Amino acid sequence: MITCSNCETPQFLQITQSRVYFEDGEMINEISESYECTLCGSTGQYVYDEDHDEETITGDVELTKERPKFA
């Protein structure tokens, strides 16, 4: 789950830009999403790269497998 680092909740995150890259027209090779928290104004970006099987998070968002503190 992607959450706002400052507010510690995903509730106010809004996707402001999303891009899916298909290298061969069939398989997804990269997913890129930009986020903005409508509560505190923080921004961040999530990128998943299929070729290297890695996820990158930048800015004021974080990726967690736990439930958020605040719903």
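Along each chain, residue indices are assigned from 1 in the same order as the chain's sequence is written. Confidence filtering applies because this is a predicted model: local features only for residues at pLDDT of at least 70, side-chain atom pairs given and counted only at 80 or more, and all residues used for totals across whole chains, interfaces and linings. Water and hydrogen atoms play no part in the side-chain values, which are based on all heavy atoms of the structure.

**Student:** Go over the nonpolar core, please, and point to the residues and values.
**Tutor:** Listed in full, the 9 residues of the largest apolar core are I2, C4, C7, L13, Y35, C37, Y46, Y48 and V61. In this structure, Y46 is in contact with I2, I31, S32, E33, Y35, E55, T56, I57 and L63, ignoring residues within four places of it in sequence. In this text, buried Ala, Val, Leu, Ile, Met, Phe, Trp, Tyr and Cys residues form a nonpolar core when linked through side-chain atoms within 4.5 Å. Per-residue accessibility, obtained with a 1.4 Å probe over protein chains only, is compared with the maximum for each type, and a residue is labelled buried under 20%, exposed over 50%, and partly exposed between these values. Contacts are residue-level and defined by heavy atoms, with any inter-residue pair within 4.5 Å sufficient.

**Student:** Now, about the pairing of strand β5 (residues 54-59): what can you tell me, with residues and values included?
**Tutor:** For a regular strand, side chains alternate in direction, first toward one face of the sheet and then toward the other. By this definition, two strands are paired if DSSP reports at least two bridges between them. Numbering of helices and strands runs from the N terminus, with a helix taken as a DSSP run of H or I at least four residues long and a strand as a DSSP run of E at least two residues long. Note that strand β4 (residues 43-49) and β5 share 6 bridges and pair antiparallel. The residue bridging Q45 from the neighbouring strand is T58, located in β5. The turn joining β4 and β5, which pair antiparallel and follow one another in sequence, is formed by 4 residues; a positive phi near 50° is taken by D53.

**Student:** Any chance you could break down the sheet that holds strand β3 (residues 28-37) for me, citing the residues and the numbers?
**Tutor:** The strand order across the open sheet formed by 4 strands is β2-β3-β4-β5, and the pairing between neighbours is antiparallel. Lying at the two open borders of the sheet, with one neighbouring strand each, are β2 (13-22) and β5. Ignoring which end each strand starts from, the neighbouring axes of this sheet average 10° apart. Inter-axis angles, ranging from 0 to 180 degrees, are taken between N-to-C directions of lines fitted to C-alpha atoms, where helices are fitted over the stretch in contact.

**Student:** Which residues make up unusual backbone geometry, and what values do they have?
**Tutor:** Trans is the common state for peptide bonds, and a negative phi is the common state for residues other than glycine. A positive phi angle, close to 60°, is found at E8, a residue other than glycine. What makes E8 partly exposed here is its relative accessible area of 28%. Notably, D53 is not glycine yet its phi reads approximately 50°, a positive angle. The exposure class of D53 is exposed, given its relative accessible area of 59%.

**Student:** Requested: an account of a negative patch on the surface, with residues and values cited.
**Tutor:** Where like charges cluster on the molecular surface, the negative patch consists of E23, D24, E26, E50, D51, D53, E54 and E55. Structurally, D51 is set in the loop between β4 and β5. Here the term patch refers to residues with relative accessible area over 30% and no salt bridge, with like charges joined within 9 Å and nonpolar side chains (Val, Leu, Ile, Met, Phe, Trp, Tyr) within 5 Å. For the area figures, the Shrake-Rupley method with a 1.4 Å probe applies, and any residue is considered shielded solely by the protein chains shown. Salt bridge, as used here: a side-chain nitrogen of Lys or Arg that lies within 4 Å of a carboxyl oxygen of Asp or Glu. Charged residues are defined here as Lys and Arg on the positive side and Asp and Glu on the negative side; His and the ends of the chain fall outside this count. Each charge is placed at NZ for Lys, CZ for Arg, CG for Asp and CD for Glu.

**Student:** Tell me about the pattern of salt bridges, and please be specific about residues and values.
**Tutor:** Per the counting criterion, the structure on display carries 1 salt bridge. Across the pair E30 and R19 runs a salt bridge, and its minimum N-O distance is 2.4 Å. Here R19 lies in strand β2 and E30 lies in strand β3, a separation of 11 residues in the sequence.

Coordinates in, geometry out; function isn't part of it.
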